Amino acid sequence: MDEDRFNMEVRKFLKVVGVTSQREIERVVRSGEVRGTTLRVKMTLTAENAPLEHVVEDTIEIGGTGTP
């Protein structure tokens, strides 16, 4: 395995995930569809051809942007 190439491929994938995820979070917050002042998020990473399941959960504070 070429470690440098593998590292670059992983970074490229994570960049796409990060940028598109941020856009979707911003979209839903700006649309006013969030109830309350926090957004509870969950990201699940899986692979079709490997036993991979990694879950990350967090709460994003959005202030008074959402609907009470």
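What you are looking at is a predicted structure, and each value in this text was computed from that prediction instead of being measured.

(A) Structural context of helix 1 (residues 3–30). When the terminal C-alpha atoms of helix 1 are compared, their 40 Å separation across 28 residues agrees well with the 40 Å that a helix rising 1.5 Å per residue should span. Sitting at the amino-terminal end of helix 1 is Asp2, which places a side-chain oxygen 3.2 Å from the backbone nitrogen of Asp4. With its phi angle positive at about 80 degrees, Gly32 sits one or two positions after the end of helix 1.

(B) Seen up close, the pattern of salt bridges. Applying the stated rule across the entire model yields four salt bridges. The residue Glu24 makes a salt bridge to Arg27 at a minimum N-O spacing of 3.1 Å. Highlighted residues: Glu24 and Arg27, both in helix 1, separated by three residues, approximately one helical turn. Assessed through its relative accessible area of 43%, Glu24 is described here as partly exposed. With relative accessibility at 46%, the residue Arg27 sits in the partly exposed group. Note that Glu26 and Arg30 form a salt bridge whose closest N and O atoms lie 3.7 Å from each other. Taken together, the residues span about one helical turn, with Glu26 and Arg30 both in helix 1 at a distance of four residues. A residue is classified by how much of its surface remains accessible, and Arg30, at 67% relative accessible area, is exposed.

Analysis parameters
- Residues numbered from 1 in each chain as written.
- Predicted model: local features only at pLDDT ≥ 70, side-chain atom pairs only at ≥ 80, totals over all residues.
- Heavy atoms only, no water.
- Helix = DSSP H or I, 4+ residues; strand = E, 2+ residues; numbered from the N terminus.
- Expected span 1.5 Å × (residues − 1).
- Polar contact = N/O pair within 3.5 Å; in protein donor to acceptor, adjacent residues only side chain to side chain.
- Salt bridge = Lys/Arg side-chain N within 4 Å of Asp/Glu carboxyl O.
- Buried < 20%, exposed > 50% of the residue type's maximum accessible area, 1.4 Å probe, protein only.

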